[in-house]
Amino acid sequence: MTTSEPTTPTESTAPALAPQKLLAGQKALVTGANSGIGRGVAIALGQAGADVVVNYVDGDDSASAVVDEIRRSGANAFAYKADVSSEDQVAGMFKSMIQQFGTIDILVANAGLQRDSAFHQMTMAQWNMVLGVNLTGQFLCAREAIREFLRRGIVPSVSCAAGKIICMSSVHQQIPWGGHANYATSKGGIKLMMESLAQEVAPKRIRVNAIGPGAIRTPINTSAWNTPEAYNQLMTLIPYGRIGEPEDIARAAVWLASDHSDYVVGTTLFVDGGMTLYPGFATGG
Ligand code: BGC
């Protein structure tokens, strides 16, 4: 009779990490990358060594400026104009990326917008626009990325995962937001799309995660921070006592896209100065 060896590995199975630029040799697509959080993320991925497709829908000049900045850091980049809510335009964008860069390793599905309205006055156009860009746009881009990840598989010299998707969500996947029901619905949808997809493709070594930004100083929420009164009001919602900057999100995105987060699967990383901690309960309740 032979005795079998224990099958439980006793040595670490975490990947050995190379010391060079964290994302060297990787190809990334960032949607909505010519302003705000997307711009910050695209530049940071480039600085970490990834070649970057800078997707945008309006603003040729600002997209070129992001491309120039990425190129100055030594990575390759090009801008691609496409509406992420259009199936055809998304397909064309991925085709062009794969022609020019050969593949995709990292998708940051970031493009998003607000069309705020009281619920009883909200138009179909406002509802459809926000759901179309924020939620369907992430579905369409993620679907294309997953197809390429499955086709290509793992390339160990590039990453120990077969691909990484980062969905840009919001604290409003968790915090209800009156006057913004279309936006909060889109972010709540992103949460369960991300988690369902993460569960489905993890066995293929594809990692899908989300970032939940709080109030970040970008054009989407200028009125929340551009006067002292608004800023002070905003601070009642942020225990950490400052607004976020695009770089706060960009650093989290670089980490989530890298092998340093290889065991992080299906998680939303809130980067919000504590906004999701119900700050009203610090003294009330
Ligand atoms: C919204 C911003 C808002 C922030 C915190 C974000 O998702 O786009 O307008 O300031 O959440 O409420």
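Okay, so let's go over this structure.

What counts, and where the lines are drawn
- Residues numbered from 1 in each chain as written.
- Predicted model: local features only at pLDDT ≥ 70, side-chain atom pairs only at ≥ 80, totals over all residues.
- Heavy atoms only, no water.
- Disulfide = S-S within 2.5 Å.
- Salt bridge = Lys/Arg side-chain N within 4 Å of Asp/Glu carboxyl O.
- Helix = DSSP H or I, 4+ residues; strand = E, 2+ residues; numbered from the N terminus.
- Buried < 20%, exposed > 50% of the residue type's maximum accessible area, 1.4 Å probe, protein only.
- Phe/Tyr/Trp six-rings, centres within 6.5 Å; stacked < 30°, edge-to-face > 60°.
- Lys NZ or Arg CZ within 6 Å of the ring centre and 35° of its normal.
- Expected span 1.5 Å × (residues − 1).
- Bend = angle between axes of the 7 residues up to and from the residue.
- 1 Å grid on protein atoms, 1.4 Å probe; cavity = no way out; pocket = protein on both sides within 12 Å on 5 of 7 lines; lining within 4 Å.
- Points joined across faces, edges and corners; volume = space filled by probe spheres on them.
- Nonpolar A, V, L, I, M, F, W, Y, C, P; charged D, E, K, R; others polar.
- Core = buried A, V, L, I, M, F, W, Y, C linked by side-chain atoms within 4.5 Å.
- Contact = heavy atoms within 4.5 Å.

## Considering the state of the cysteines
Alright, step 1. Tallied over the full model, the rule gives zero disulfides.
Alright, step 2. Between Cys 160, a cysteine without a disulfide, and Cys 167, which holds the nearest cysteine sulfur, the sulfur-to-sulfur distance is 19 Å.
Alright, step 3. Unpaired in terms of disulfides, Cys 167 finds its nearest cysteine sulfur in Cys 141, a separation of 10 Å.

## Concerning the pattern of salt bridges
Side chains carrying opposite charge are able to pair once their charged atoms draw close together.
Alright, step 1. Scanning the entire structure with this criterion turns up ten salt bridges.
Alright, step 2. The shortest N-O distance in the salt bridge between Lys 27 and Asp 51 comes to 2.8 Å. Of this pair, Lys 27 sits in strand E1 (residues 27-30) while Asp 51 sits in strand E2 (residues 51-56), placing them 24 residues apart in sequence. For the pair shown, Lys 27 and Asp 51 are each scored as buried.
Alright, step 3. For the salt bridge of Arg 152 with Asp 105, the shortest nitrogen-to-oxygen distance reads 3.4 Å. Here the residue Arg 152 occupies a position in helix H4 (residues 124-152), and Asp 105 occupies one in the loop between helix H3 (87-101) and strand E4 (106-109), the gap between them amounting to 47 residues. Both residues of the pair, Arg 152 and Asp 105, belong to the buried class.

## A look at the packing of aromatic side chains
Alright, step 1. Following the criterion strictly, the structure yields three aromatic pairs and no others.
Alright, step 2. For the pair Trp 177 and Tyr 183, a centre-to-centre distance of 5.7 Å together with 70 degrees between the ring planes defines the contact as edge-to-face.
Alright, step 3. By relative accessible area, Tyr 183 is classed as buried at 9%.
Alright, step 4. Measuring from centroid to centroid gives 6.4 Å for Tyr 278 and Phe 281, while their planes differ by 85 degrees, and the two rings are edge-to-face. Like Tyr 278, the residue Phe 281 is exposed in the burial classification.
Alright, step 5. It is Lys 27 that lies over the ring of Phe 101; its NZ or CZ is 5.7 Å from the centre.

## Considerations on H4
Alright, step 1. Given a rise of 1.5 Å per residue, 29 residues ought to cover 42 Å, and the 40 Å separating the end C-alpha atoms of H4 matches this to within 8%.
Alright, step 2. The largest bend in H4 amounts to roughly 35 degrees and is located at Gly 132.
Alright, step 3. Among the residues trailing H4, Gly 153 stands out with phi positive, at a value near 75 degrees.

## Some points on empty space enclosed by the protein
Alright, step 1. By the definition in use, this model includes one cavity of 30 Å³ or more.
Alright, step 2. Looking at the largest cavity, its volume works out to about 40 Å³.
Alright, step 3. Every residue lining the largest cavity is listed: Asp 105, Arg 152, Gly 153, Ile 154, Val 155, Val 158, Ser 159, Ala 161, Ala 162 and Gly 163.
Alright, step 4. Here the residues of the lining of the largest cavity are counted per class, giving five nonpolar, three polar and two charged.

## Observations regarding the nonpolar core
Alright, step 1. Val 41, Leu 45, Ile 70 and Ile 211 are the most contacted members of the largest nonpolar core, which totals 36 residues.
Alright, step 2. Secondary structure elements with two or more residues in this core: E1, helix H1 (36-47), E2, helix H2 (60-72), E4, strand E5 (163-168) and helix H7 (246-257).
Alright, step 3. Sequence-distant contacts of Ile 70, defined by excluding residues within four places in its chain, comprise Ala 42, Ile 43, Gly 46, Val 52, Val 54, Ala 75, Asn 76 and Ala 77.
Alright, step 4. Counting residues in hydrophobic clusters, the runner-up holds 35 residues, among them Phe 94, Met 97, Phe 101 and Val 201.

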